[in-house]
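One-letter residues, chain by chain:
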Amino acid sequence: PVVFEPNMYTHALYRLQLDRDLRRAIALIAKSNNEAQEFELYYQPIICLKTSEIRGFEALIRWNHPTRGLVSPAEFIPVAEESRLIIAIGQWVLRTACQQLRIWQRQFQRSLTMSVNLSGIQLEQANLVAQIEGVLGEIWIAPNTLKLEITESTIMRNTESVPTLLDQIKQNKVLLAIDDFGTGYSSLSYLHRFPIDTLKIDRSFVSRMSSDGENLEIVRLIVTLAHTLGMDVTAEGVENPEQITLLKNLGCEYGQGYFFAKPLDKKAATALLEKKFGN
Ligand code: C2E
Ligand code: CA
Ligand code: CA
Ligand code: CA
């Protein structure tokens, strides 16, 4: 028999409230008053390991809940996926990130990139490609400065429909990255069929790289695999200079992590760019 425990009740209630509050936060998006928004994008720099310069940013969503405070995406994205509210949220993220990219590119005269996370639910949308084309038609950025991140497990879960979709995105010259690489179960025989530009090595490998020889070999293998397939590599979760040295020696192109910078709000990211690139 299923025992109904009190924490199951609170959990179900919590999800219900979260769902209701998400709908309210999404309704605010339409009001287009920036001050009133509960969602906010943070931007984490992605660094070129060779030059130590900022190559671009990954957009990471934050939810400033009116009573709960900051709710982590790890907490609300799964709820938003279950209810498919992630579609509306994802649309807002894409548009907002591209608008910010355009502002920074013009202000600093550099071809900075913007990485945007796509949920598996968004990939199931029939009009995803049209949506991306719409944003690119409206916001004037070079398509190859936008990079869409899809997790390895999402890609491998949908091996029938995903290749065609990715080809269509690629026809628009948008860049594609496989996120959290190494944590899913990639079929190597599939990998070369996807038009992928970047493999992002999952933080778990990077963090254990220095202490554990096996993890170092895994990272080496991923870098070699990527380069063999004509892809570049971004290491996530870089937290110390020792990791940078190891990654550089392995030929990894880009790094992202707390050592360089935590995800920053728009103001702080702009201040960082001003410090680095002047103006
Ligand atoms: P992710 O795409 O793997 O993003 C990287 C996560 O690692 C971010 O957590 C980032 O803050 C964190 N991180 C970056 N550097 C370090 C480091 O050096 N050490 C440690 N310990 N952590 C680091 P965050 O922002 O909490 O996001 C969590 C996850 O939520 C993301 O993982 C992504 O899967 C999802 N997410 C965030 N924003 C969006 C979004 O706009 N759309 C979708 N679909 N998912 C999103
Ligand atoms: Ca990501
Ligand atoms: Ca990741
Ligand atoms: Ca990760």
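Residues numbered from 1 in each chain as written. Chains lettered and ligands numbered in written order. Predicted model: local features only at pLDDT ≥ 70, side-chain atom pairs only at ≥ 80, totals over all residues. Heavy atoms only, no water.

The name recorded for the protein in an unreviewed UniProt entry is EAL domain-containing protein, from Floridaenema fluviatile BLCC-F154.

(A) Representation of the coordination of the calcium ion (ligand 3). Around the calcium ion (ligand 3), the protein contributes the donor atoms Asp179 (OD), Asp180 (OD), Glu236 (OE) and Glu236 (OE), at 2.1 to 2.8 Å from the metal centre. Written as a sequence motif, the donor residues of the calcium ion (ligand 3) are D-D-x55-E. The metal-metal distance between the calcium ion (ligand 3) and the calcium ion (ligand 2) is 3.7 Å, with Asp179 serving as a donor to both. (Donors = N, O, S within 2.8 Å, 3.2 Å for Na, K, Ca; no water.)

(B) Up close: the pairing of strand E1 (residues 39-48). Of all ten residues making up E1, eight are buried, and the element is well covered by its neighbours. Relative to strand E2 (residues 54-65), E1 runs antiparallel, the two sharing nine bridges. Bridged to Leu41 within E2 is Ile61. Count of turn residues in the E1/E2 antiparallel hairpin: five residues, of which Ser52 carries a positive phi of about 65°. Relative to strand E9 (residues 254-256), E1 runs antiparallel, the two being bridged by two bridges. By the bridge assignment for E9, Cys48 is matched with Tyr254. (Buried < 20%, exposed > 50% of the residue type's maximum accessible area, 1.4 Å probe, protein only. Helix = DSSP H or I, 4+ residues; strand = E, 2+ residues; numbered from the N terminus. Pairing = 2+ DSSP bridges.)

(C) Summary view of the pattern of salt bridges. Overall, the coordinates contain twelve salt bridges when judged by the stated rule. Here Glu38 makes a salt bridge to Arg24, at a shortest N to O gap of 3.0 Å. A residue pair is termed long-range when its members are at least 10 positions apart, and Glu38 in the loop between helix H1 (6-31) and E1 and Arg24 in helix H1 qualify at 14 residues. Residue classification places Arg24 among the partly exposed positions, given a relative accessible area of 36%. (Salt bridge = Lys/Arg side-chain N within 4 Å of Asp/Glu carboxyl O.)

(D) Layout of the pairing of strand E7 (residues 198-201). Burial along E7 is two-sided: the residues Thr198 and Lys200 and Leu199 and Ile201 are all buried. Alignment of strand E6 (residues 175-181) against E7, held across three bridges, turns out to be parallel. Across the sheet, residue Phe181 finds its bridge partner in E7, namely Ile201. Sheet analysis places E7 next to strand E8 (residues 232-236), joined by four bridges and oriented parallel.

(E) Focus on the nonpolar core. Of all hydrophobic cores here, the largest spans 83 residues; its most connected members are Phe39, Leu148 and Ile169. With eleven residues, helix H3 (residues 86-108) is the largest single contributor of residues to this core. Excluding anything up to four places from it in sequence, Phe39 contacts Leu22, Ala25, Ile26, Ile29, Ile61, Arg62, Trp63, Phe76, Ile89 and Trp92. (Core = buried A, V, L, I, M, F, W, Y, C linked by side-chain atoms within 4.5 Å. Contact = heavy atoms within 4.5 Å.)

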